[in-house]
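Chains, contacts and geometry: an overview
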Amino acid sequence: MIEIPENITELKSYKPGKPIQEIIADLGLDKTAVLWNNENNFGPSPMALEEVSKVLGNSHVYPDPVSLELRKRIAELNQRQVDEVVVGNGSEEIFNNLFNAFFKPGEELLTCTGTFVAVYIWAKANKVPVHTVPLTSDYRFDPDALYQAITPKTKAIYLANPNNPTGAIIEEDELRSFLDKIPSHIIVVVDEAYFEFARDISPKYPDTSGWDYDNLITLRTFSKAYGIAAIRIGYALAKPALIEALAKVKLTFAPSNLAQAAGNGAIQDEAFLAKTIDNNTQEMEKFCASLDEMGFRHVPSYGNFVMLEMDSADQVQAYFHELLKKGVFVRPLPAFGLPHCLRITIGLPEENQLCVDALKECKVQLS
Ligand code: PMP
């Protein structure tokens, strides 16, 4: 019998739920709002699709293994050099590659509880222990607690800014003083998957793309504001030595030619980006005002989603099921270690309105 190592047997298999079209058909829903995955409900960037259509005919040849055109564009956008950029099948793949590139046996990842679930999964799959400290009581990453928790085994610290699923940020001053005191042999990964939204919501949000630290890795994605989550493209910015290590461990021909082309198109699609961001900032304000009116507790958010804090996991499940029956798909957060919280993506105005109306009609007691 083949022995599967414990770090793999202990991981939960991904259990796909019912396909969304089946749920819609079973419940006979005529109106829906899919607000459970922080996707861009405007759809994909049209310029991304246009570029994909141009390269489909090249699908018999291998893609550029170093994604040069896209890396040049990303470097230009962020005022960095090409050798300070690596791209991957979503930023999640680059995060997974960090373990191969940098960790020796026994070295640990330090982060907070209550962040993006993939962080714990990929660390475990790569046999890297994760050391966690709690988020602050207002659901933010806690730089002081992280600093105090550093041990000789700490190889890297992961921060999501804004954090998914809480939406909270570490502000510029706080992040700078944190980075200033982290020893230079420890990598700090700042995951800015929701950067484009956060930058529009608050001037206090730190854009680390130009920060000069030898141990800093900034992660970004085209899955959110650019609307191409299915195509899988993300990137990292860091000093050349770190980028070179990440490039060495990536799969030779990742990302695909279609993903590279989509990134090339999306990055030029300023109109689509502006429309997406404007909608999010305006709708976030409106949606949160409605939550306040209805008496829901929520965390100030800098992403394209907002997290509601409820009294119990049971209350969350009750809302989840009631909302589903009304065509509104939202995300309970037990997998994120926050079972008493519910995350709702900011969608198009009519979808957010459907969600507000549904929340009003839910027959669940708010205490
Ligand atoms: N980081 C965070 C904080 C996220 O929320 C997500 C997506 N949910 C990702 C990374 C993954 O992004 P990608 O699609 O680029 O892999």
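One can find the structure itself at the top, above this paragraph.
Quick notes on the rules
- Residues numbered from 1 in each chain as written.
- Predicted model: local features only at pLDDT ≥ 70, side-chain atom pairs only at ≥ 80, totals over all residues.
- Heavy atoms only, no water.
- Helix = DSSP H or I, 4+ residues; strand = E, 2+ residues; numbered from the N terminus.
- Rg over C-alpha atoms; globule rule 2.2 N^0.38 Å.
- Buried < 20%, exposed > 50% of the residue type's maximum accessible area, 1.4 Å probe, protein only.
- Salt bridge = Lys/Arg side-chain N within 4 Å of Asp/Glu carboxyl O.
- Near = heavy atom within 4 Å.
- Polar contact = N/O pair within 3.5 Å; in protein donor to acceptor, adjacent residues only side chain to side chain.
- Areas by Shrake-Rupley, 256 points an atom, 1.4 Å probe, with all protein chains shown as cover.

**Digging into the overall build of the protein**
Secondary structure summary: the protein contains 14 helices and 13 strands in total. A compact globule built from 367 residues would reach a C-alpha radius of gyration of about 21 Å, and the protein, at 21 Å, matches this within 12%. Considered along the principal axes of its C-alpha atoms, the protein spans approximately 55 × 55 × 50 Å. Looking at the protein as a whole, 53% of its 367 residues qualify as buried.

**Remarks on the pattern of salt bridges**
Across all of its chains, the model carries 19 salt bridges by this definition. A salt bridge links lysine 326 to glutamate 361; the shortest N-O distance between them is 3.9 Å. One end of the pair, lysine 326, is in the loop between α13 (313-325) and β11 (328-329); the other, glutamate 361, is in helix α14 (residues 349-361), with 35 residues separating them in the sequence. One network of salt bridges, with partners in common, ties together Asp138, Arg140 and Glu174.

**Focus: the site of the ligand**
In the region of the ligand, 13 residues are neighbours, and Ser91, Asn164, Asp191, Thr221 and Ser223 sit closest. Taking tyrosine 194, its side chain carries an N or O atom lying 2.7 Å from an oxygen atom of the ligand. Serine 223 is positioned with one of its side-chain polar atoms (N or O) 2.6 Å from an oxygen atom of the ligand. Its free accessible area being 400 Å², the ligand has 91% of it covered by the protein chains. The greatest single-element share of the shell around the ligand, amounting to three residues, is contributed by helix α5 (residues 90-102).

None of this, on its own, says anything about what the molecule does.
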